[in-house]
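# Coordinates in review
Listed below, chain by chain, are the residues.
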Amino acid sequence: MQIATWNVNSLKVRLPQVLEWLAGRPELTVLALQETKLEDHAFPKAEIEAAGFHVAYVGQKTYNGVALISRAPLLDVQYNLPNYEDPQKRVIAATVDGVRVIGAYVVNGQALDSEKYPYKLAWLDALIAWVGEQLQQHGKLALVGDFNIAPEDRDVHDPAKWAGDVLVSPPERERFQQLLDLGLVDSFRLFEQAEKSFTWWDYRMMGFRRNAGLRIDHVLLSRPLAERCTACEVDKEPRRVERPSDHAPVIATLAE
DNA sequence: ATGGCTTCTCGTAGAAGA
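Everything numeric here is computed off the predicted structure, so don't read it as measured data.

On to the overall build of chain A, then. Looking only at helices and strands, one finds 7 helices and 14 strands in chain A. Computed over its C-alpha atoms, the radius of gyration of chain A comes to 17 Å, within 12% of the 18 Å expected for a compact globule of 256 residues. Reported as C-alpha extents along the three principal axes, the dimensions of chain A are approximately 45 × 45 × 40 Å. Counting all 256 residues of chain A, 59% fall into the buried class. Within chain A, contacts between residues separated by at least 24 positions form 68% of all contacts whose residues are at least 6 apart in sequence. As presented, chain A carries roughly 11300 Å² of accessible surface, and 49% of it is formed by carbon and sulfur atoms. In chain A, the 29 positive side-chain charges and the 36 negative ones have mean positions that sit 4 Å from each other.

Here it is, written out as structure tokens:
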């Protein structure tokens, strides 16, 4: 089984890239998307199903929007956080091959002095509480998505430059740690990885070419799944193509 | 250097992303 996450920064623009990427990865079971930026009536359900996938989605215009694309049926689909009233569409969950897969697009926060920052922290608190409940019901659980948190300085191309900024602030990192404390494992760090491994690179200033990036997209696994995890990789190829998303996909492989 | 790119909108400039 393989579980992946990819912030596509507009599915309208990136759908051909997503379908091509999936076609090249026949072993992939389920892909969580973030920033689809599409209302449900405009979601390309027919195209994705015609390509042979199951799909679930919840979105809005311009911002946010999440989806799950799967080769196995999506059961017990949950839309949005049940414990946080929020017009923004940031969470979708389903059970896939017996695994509870939660796809999340965590609030960016914009800046520490922005009103979006306390929203980010409160939203994360609700996520932590809900995922804790989900873990009691589902031993096999994967929390994946764009967390908008670089957990450690090694996940940041230039920690000094980012110090005191959103995505690396201690309150955000504490909440990431609280997710781990629920019993989740950052699958990427189960394995030896190249130094300066990132999942997002700024469109500006040739960020990708300079590898000026952050590792903010994650696949967190409950312990029973972490024990089965044999690999976790960032696929940088989709970041090299014409008109790419600014994020690359992250893929975790689980042995049967 | 408070920018730099890319996306979106009851659009053609401004907001937001990270």
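The topology assignment puts Val8 in the loop between strand E1 (2-7) and helix H1 (11-23). A sequence separation of 10 residues divides Val8 from Val18, and the C-alpha atoms of the two residues are 8.2 Å apart. Sequence-distant contacts of Val8, that is, excluding residues within four places in its chain, are made with Arg14, Val18, Leu33, Gln34, Glu35 and Ser245.

Let's shift gears to the packing of helix H3 (residues 116-137) against helix H5 (residues 170-181). As a packed pair, H3 and H5 sit with axes 10 Å apart at the nearest point and diverge in direction by 10 degrees. As far as their axial angle goes, H5 and H3 are roughly parallel. Contacts from Tyr117, Lys120, Leu121, Leu124, Asp125, Leu127 and Ile128 of H3 reach H5 at Pro171, Glu172, Arg175, Gln178 and Leu179. Residues that form the contact of H3 with H5 fall into these classes: 7 nonpolar, 1 polar and 4 charged.

Turning next to the protein's contact with DNA strand B. Taken together, 23 residues surround DNA strand B, and among them Ser10, Glu35, Asn108, Trp200 and Arg204 come closest. What you see for DNA strand B is that sugar and phosphate hold 68% of its atoms within 4 Å of the protein. The contact in question runs from a sugar or linking oxygen of DNA strand B to an N or O atom on the side chain of Lys116, over 3.4 Å. Looking at the surface near DNA strand B residue by residue, the classes come out as 9 nonpolar, 7 polar and 7 charged.

Right, let's get into the sheet that holds strand E14 (residues 250-254). Spatially, E3-E4-E2-E1-E14-E13 is the arrangement adopted by the 6 strands of the open sheet, whose pairing is mixed. Strands at the two margins of the open sheet, each flanked by one partner only, are strand E3 (54-58) and strand E13 (229-234). Geometrically, the sheet is characterised by an average inter-axis angle of 10 degrees between neighbouring strands, direction not taken into account. Pairing analysis gives 4 bridges linking E1 to E14, with the strands arranged antiparallel. Each residue of the ladder has a partner; that of Gln2, found in E14, is Thr253.

This part is about the UniProt feature "domain: Endonuclease/exonuclease/phosphatase" (unreviewed entry) in chain A. In this structure's numbering, the residues bearing the UniProt feature "domain: Endonuclease/exonuclease/phosphatase" (unreviewed entry) are residues 4-247. Measuring from the first to the last C-alpha atom of residues 4-247 gives 13 Å, for a span that is 27% helix and 25% strand.

A word on the packing of aromatic side chains. Counted under the stated rule, the structure contains 6 aromatic pairs. Ring centres of Trp162 and Trp200 lie 6.5 Å apart, and the angle between their planes is 90 degrees; this geometry places the pair in the edge-to-face category. Here Trp200 lies in strand E10 (residues 200-201) and Trp162 lies in helix H4 (residues 159-162), a separation of 38 residues in the sequence. When the ring of Trp201 is compared with that of Phe208, the centres are 4.9 Å apart and the planes differ by 90 degrees; the resulting orientation is edge-to-face.

Glancing now at the pairing of E14. Of all the 5 residues making up E14, 5 are buried; the element is thus mostly covered by neighbouring parts of the structure. The two faces of E14 match: Val250, Ala252 and Leu254 on one face and Ile251 and Thr253 on the other face are all buried.

Definitions and limits used
- Residues numbered from 1 in each chain as written.
- Chains lettered and ligands numbered in written order.
- Predicted model: local features only at pLDDT ≥ 70, side-chain atom pairs only at ≥ 80, totals over all residues.
- Heavy atoms only, no water.
- Helix = DSSP H or I, 4+ residues; strand = E, 2+ residues; numbered from the N terminus.
- Rg over C-alpha atoms; globule rule 2.2 N^0.38 Å.
- Buried < 20%, exposed > 50% of the residue type's maximum accessible area, 1.4 Å probe, protein only.
- Contact = heavy atoms within 4.5 Å.
- Areas by Shrake-Rupley, 256 points an atom, 1.4 Å probe, with all protein chains shown as cover.
- Lys, Arg positive; Asp, Glu negative; His and termini not counted.
- Charge placed at Lys NZ, Arg CZ, Asp CG, Glu CD.
- Axes fitted to C-alpha atoms, helices over the stretch in contact; angles between N-to-C directions.
- Parallel < 35°, antiparallel > 145°, perpendicular 65-115°, else oblique.
- Nonpolar A, V, L, I, M, F, W, Y, C, P; charged D, E, K, R; others polar.
- Near = heavy atom within 4 Å.
- Polar contact = N/O pair within 3.5 Å; in protein donor to acceptor, adjacent residues only side chain to side chain.
- Pairing = 2+ DSSP bridges.
- UniProt positions renumbered as here; feature names shortened; annotations may be inferred.
- Phe/Tyr/Trp six-rings, centres within 6.5 Å; stacked < 30°, edge-to-face > 60°.

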